[in-house]
Amino acid sequence: LMAFLVLLGVLPASLIFVVDLSVHSLSELREEVCIARAGGGMLGLVLYVVSGVALCVLSTLYCYLWSPEAEGSGIPQMKAVMSGFYDKLKPALSVWTLAAKCLGLLCAIGGGLPVGWEGPNVHIACIIAHH
């Protein structure tokens, strides 16, 4: 039981850590391409804005195409599951939801949206615990 609980803490934390590292790498890449490579100025500004909008649209597409249940923080869905509405919310605990949540979070935060980490982290941990 103790090993299971440790694993239950380590797996979600590791996945969230990888997503966080990816967000920072994506942000640095965006800044380097838009400021250093484009020479700054108006071209750099246009590239920065266009790349941010493209990443935010990509984030929305992941959720729309793969799993609409990945939209939002995920805490209301998890509260409903814990209240006994598991049958109606099975898709909120699918692997597709996990992939859409992680990639959507990566693109949304990398695109510059002010997204909070706490809700998505809870949802990601619940999905991993379910599987």
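Refer to the structure presented above.
Remember, it's a predicted structure, so these values are computed and weren't measured experimentally.

(A) Looking closely at the overall build of the protein. Within the protein one finds 5 helices and 0 strands. Along the protein, helices and strands appear, N-terminal first, in the series α-α-α-α-α. Counting all 131 residues of the protein, 33% fall into the buried class. Summarising the internal contacts of the protein: among those between residues at least 6 apart in sequence, 71% fall at separations of at least 24. In the form shown here, the protein has an accessible surface area of approximately 7900 Å², with 72% of it arising from carbon and sulfur atoms. Charged side chains in the protein number 6 positive and 8 negative. The centres of these two groups are separated by 8 Å.

(B) A look at the packing of helix H4 (residues 95-110) against helix H5 (residues 118-130). In the contact formed by H4 and H5, the axes pass within 10 Å of each other and the chain directions differ by 150 degrees. Considering the angle they form, H4 stands roughly antiparallel to H5. As for how H4 packs across H5, the hand of that crossing is left-handed. Each of Thr97, Leu98, Lys101, Cys102 and Leu105 in H4 lies in contact with H5, whose residues at this interface are Pro120, His123, Ile124, Ile127 and Ile128. Grouping the amino acids of the contact of H4 with H5 by side-chain chemistry returns 7 nonpolar, 2 polar and 1 charged.

(C) Structural view of helix H2 (residues 41-66). The end-to-end C-alpha distance of H2, which contains 26 residues, comes to 37 Å, matching closely the 38 Å that a straight helix rising 1.5 Å per residue would cover. Regarding H2, the residues found buried are Gly44, Gly52, Leu55, Cys56, Ser59, Tyr62 and Cys63. Each element contacted by the buried residues of H2 is listed here: helix H1 (2-37) and H4.

(D) Representation of the nonpolar core. Counting residues in hydrophobic clusters, the biggest one holds 16 residues, and the most contacted among them are Val19, Val23, Leu93, Leu98, Cys102 and Ile124. Breaking this core down by element, the ones donating at least two residues are H1, helix H3 (75-82), H4 and H5. At 5 residues, H4 tops the list of elements feeding residues into this core. Once residues within four sequence positions are removed from consideration, valine 19 is found in contact with Cys102, Leu105, Leu106 and Trp117.

Cut-offs and rules
Residues numbered from 1 in each chain as written. Predicted model: local features only at pLDDT ≥ 70, side-chain atom pairs only at ≥ 80, totals over all residues. Heavy atoms only, no water. Helix = DSSP H or I, 4+ residues; strand = E, 2+ residues; numbered from the N terminus. Buried < 20%, exposed > 50% of the residue type's maximum accessible area, 1.4 Å probe, protein only. Contact = heavy atoms within 4.5 Å. Areas by Shrake-Rupley, 256 points an atom, 1.4 Å probe, with all protein chains shown as cover. Lys, Arg positive; Asp, Glu negative; His and termini not counted. Charge placed at Lys NZ, Arg CZ, Asp CG, Glu CD. Axes fitted to C-alpha atoms, helices over the stretch in contact; angles between N-to-C directions. Parallel < 35°, antiparallel > 145°, perpendicular 65-115°, else oblique. Left-handed = near helix turned anticlockwise from the far one by under 90°. Nonpolar A, V, L, I, M, F, W, Y, C, P; charged D, E, K, R; others polar. Expected span 1.5 Å × (residues − 1). Core = buried A, V, L, I, M, F, W, Y, C linked by side-chain atoms within 4.5 Å.

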